[in-house]
Amino acid sequence: MNKIKFINALLLFAIIVIYPFTGAFCQKHHPQETWEEKVKKDRARGIPLPENHHEYRRSAKIEAIPDSDYLHASEAAHEAFRDIKFSIRIHWGVYVIDELRESQGFLSLPNDKRQEYQNEYKIFNPTEFNAQGWMDLFKRSGIECMAFTTKHHDGFSMWHTKTRVARRMNFLDTANVIEPCDLAYSIEETPFKRDIVKELCDAAHKNNIKIDLYYSHPDWYDADFRPHQNHPLGTPKYFSHPELYGTYGEWPPRIAMPEPTPEEIDHMMKRHREQLLELVSNYGKIDMICFDGIISLDRWAEMKKTIKMIRQLQPDVMLRNRGINNYGDYYTPERVVPQNKEDTNMPWMVIYPLTPKWSYDSDASHYKGTPWIIHNIIDCAAKGGSFMVGTGPDKTGVFHPEAVRQLEETGKWLKVNGAGIYATRAREVWKENEVYFTRTKDHKKVFAFVEQWPGKEIVIPAVTPKKGSKIYLLGYKKALKWSQSDTGIKVEIPDVLQSPENRPCEHAWGFEITM
């Protein structure tokens, strides 16, 4: 029995046999809080999304309330997540060789090109990849957290997984589409060979960058994962009930295949579990796991065991709710910023690509610009969430110069205005008259942001400071003159700041108000 299988068996034994009795154990040795009290406290936090919430509806339709032997990440972990306000999401894999639209580009290819794609790992060789160089860029950009695609839907693993694919597709053999194989389909089998996930995690730990490991539930390379979430192979159950498998309408066209056998189903779920246990066992503290895609409900019992094992290995890891719904700790509005503050206690992080694609884009004109990034940082922070911008390096491991420029400009802005962004919370009034607000956790300071230079005077609504309170323009050391008016506080802007070259930053300006 190899190491991963032994750990699997041991954890499964602990969860099924020992874990149900931990409440009694806690009551005996820690009478101040029984297991039942811990569960009650966890549920009282109100983390689960209501069933009418848009993110609940798009995820797996599993039980709304988690099992009584399951706890979410701690309040401290949730609080630390809410402190994060600017992150980066990196999509990188073999799809970058042909600059496809991530794994989805693979599904749009004809069968002969799909077969070529499945062999391109043999030439993937990002010789310019430098984990510390990435961290240096992130720090210059004011980025606090890195999400990295350990495995996207195409099934290629960016770490040294010990799991093996037993069956894959041969798109050139229409008579025998499924063929046997024995490979990891991972970075270890490329000319590059190095464990990219390990190097990034080591560098992130060294540089105090939080780690979010993206992992796709579906796997389009492994034939045993059919027909979940747009897998190229369809089955009779899929063709009669496609809505059960997390598909996007009738796209892509499926190749009809029999249902997976019990052996194939068992291999699918074991490989899924072992890969996730590798990620939370071999790379130190992981702050978040970013699940994506959906495995249908008929696999949920095994999926749930995996989630509980992960929680045992890293109790404070924050789990994205995709595919596990209210067993998750956070959710991610995608390519959209909520119009208002979200009415939920499950924390959220907007994910939005810097170009039309999540992965590398060679066209500099596609990059949305520093003002767009800064606007979203302010907007999300004001509403109580955070912003994660998405991009990726080219096939050599280097980010586009325009992405670097826009990220570094954002970092310069955050160096001036970060006090009003990082670790802040939403106010009751988060925006009024195009003024965005945040506050400190202790309510002692309010920050007001505007995206148009106000000129010689600005009226900041919805705040009433104490007499004698100080008001500053972030990045300018002298207190500003102000007075209370019927519409808010009237703040005078010094003449010296009317010249753009004398202002502390560009694009947006923040005011610090002592309450």
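A brief look at the structure comes next.

Okay, the pattern of salt bridges next. Counted under the stated rule, the structure contains 38 salt bridges. Here K113 and E116 are joined by a salt bridge, their closest N and O atoms 3.7 Å apart. Linking K113 with E116, this pair stays in helix α7 (residues 111-119), spanning 3 residues, or about one helical turn. Each of the salt bridges in this network shares a partner with another, and the network as a whole consists of E63, D67, D69, K304 and K308.

R226 connects to P227 through a cis peptide bond whose omega is 0°. Inspection of the secondary structure puts P227 in the loop between β5 (210-216) and β6 (233-234). Despite not being glycine, Y185 shows a phi value in the positive range, around 50°. Tracing the sequence through the fold places Y185 in the loop between β4 (178-183) and α9 (196-207). Given the relative accessible area of 0%, Y185 is considered buried. A positive phi angle is found at H443, which is not glycine, with a value near 70°. Tracing the backbone shows H443 in the loop between β13 (435-439) and β14 (445-450).

To continue, consider the packing of aromatic side chains. A complete count under the given rule lists 24 aromatic pairs for this structure. Ring geometry for W92 against F124: centres 5.8 Å apart, planes inclined by 70°, an arrangement best described as edge-to-face. Here W92, found in the loop between β1 (86-90) and α6 (104-107), pairs with F124, found in the loop between α7 and α8 (131-140); they are 32 residues apart in sequence, far enough to count as distant. Overall, W92 belongs to the buried group, its relative accessible area being 1%. When the centroid spacing of 5.6 Å and the interplanar angle of 75° are considered together, the rings of W372 and F387 count as edge-to-face. Taken as a pair, W372 in helix α13 (residues 370-382) and F387 in strand β11 (residues 386-391) lie far apart in primary sequence, 15 residues in all. With respect to burial, W372 and F387 carry one shared label: buried. The lysine or arginine in question, R89, covers the ring of W358, its NZ or CZ lying 5.5 Å from the ring centre.

So, how was this worked out
- Residues numbered from 1 in each chain as written.
- Predicted model: local features only at pLDDT ≥ 70, side-chain atom pairs only at ≥ 80, totals over all residues.
- Heavy atoms only, no water.
- Salt bridge = Lys/Arg side-chain N within 4 Å of Asp/Glu carboxyl O.
- Helix = DSSP H or I, 4+ residues; strand = E, 2+ residues; numbered from the N terminus.
- Buried < 20%, exposed > 50% of the residue type's maximum accessible area, 1.4 Å probe, protein only.
- Phe/Tyr/Trp six-rings, centres within 6.5 Å; stacked < 30°, edge-to-face > 60°.
- Lys NZ or Arg CZ within 6 Å of the ring centre and 35° of its normal.

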